[in-house]
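Residue-level structure breakdown
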Amino acid sequence: MTATSLTLELSPELAMLFEQYEALTRVSAEQYVQQLVEKTQPTLEAMVSALQEAGDDEAAVMELFGKKMAESVLRQQAAQA
């Protein structure tokens, strides 16, 4: 699968904050956001799956999302053991 790029617009304040962060850590805004998105992938996967299963039923979506997040945490813990 080919990588897809995403363009984000940052407020001047946030851009300045990322510049300061990069100066202190040598981690660019792009690297920071990439790592953040990768770490939240299980959350996105759980939400997409819940939406696919529950459709328009908001209560069911939230219940399924909670279950899927719990399953994801258990999988992560098992993988780390």
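Up top is the structure these notes are about.
The structure displayed is predicted, hence computed values, not measured ones.

With that settled, the discussion passes to the pattern of salt bridges. Taken as a whole and judged by the stated rule, the model has 2 salt bridges. Notably, a salt bridge pairs Glu53 with Lys68, separated by 2.7 Å at the nearest N-O pair. Linking Glu53 in helix 3 (residues 41–54) with Lys68 in helix 4 (residues 58–80), this pair joins segments that are 15 residues apart in sequence. One salt bridge in this structure joins Glu63 and Lys67, with 3.3 Å as the shortest N-O distance. Here Lys67 and Glu63 lie together in helix 4, a separation of 4 residues that amounts to about one turn. On the accessibility criterion, Lys67 (46% relative accessible area) is partly exposed.

What follows concerns the packing of aromatic side chains. Enumeration over the complete set of coordinates arrives at 2 aromatic pairs. Look at Tyr21 and Tyr32: their rings are 5.3 Å apart centre to centre, the planes differ by 75°, and that puts the pair in the edge-to-face class. One end of the pair, Tyr21, is in helix 1 (residues 12–25); the other, Tyr32, is in helix 2 (residues 29–39), and 11 residues separate them in sequence. Tyr21 sits in the partly exposed class, given a relative accessible area of 34%. Judged by relative accessible area, Tyr32 falls into the partly exposed class, the value being 35%. Linked through ring pairs, Phe18, Tyr21 and Tyr32 together constitute an aromatic cluster.

Judged by nonpolar contacts, Ala46, Ala50, Ala54, Val61 and Phe65 together constitute the single largest core of 5 residues. For this core, the secondary-structure elements that each account for two or more residues are helix 3 and helix 4. No other element matches the 3 residues that helix 3 contributes to this core. Those residues in contact with Ala54, other than ones at most four positions away along the chain, are Ala60, Val61 and Leu64.

With 14 residues, helix 3 extends 20 Å between its outermost C-alpha atoms, agreeing within 8% with the 20 Å of an ideal straight helix rising 1.5 Å per residue. Restricting attention to buried positions, one finds in helix 3 the residues Pro42, Ala46, Ala50 and Ala54. The buried residues of helix 3 occupy one face: seen down the axis, they fall within an arc of 80°. In helix 3, the exposed positions that point more than 90 degrees away from the buried face belong to Leu44 and Gln52. Looking at the residues trailing helix 3, positive phi occurs at Gly55, about 65°.

What counts and what doesn't
- Residues numbered from 1 in each chain as written.
- Predicted model: local features only at pLDDT ≥ 70, side-chain atom pairs only at ≥ 80, totals over all residues.
- Heavy atoms only, no water.
- Salt bridge = Lys/Arg side-chain N within 4 Å of Asp/Glu carboxyl O.
- Helix = DSSP H or I, 4+ residues; strand = E, 2+ residues; numbered from the N terminus.
- Buried < 20%, exposed > 50% of the residue type's maximum accessible area, 1.4 Å probe, protein only.
- Phe/Tyr/Trp six-rings, centres within 6.5 Å; stacked < 30°, edge-to-face > 60°.
- Core = buried A, V, L, I, M, F, W, Y, C linked by side-chain atoms within 4.5 Å.
- Contact = heavy atoms within 4.5 Å.
- Expected span 1.5 Å × (residues − 1).
- Arc of directions from axis to C-beta.

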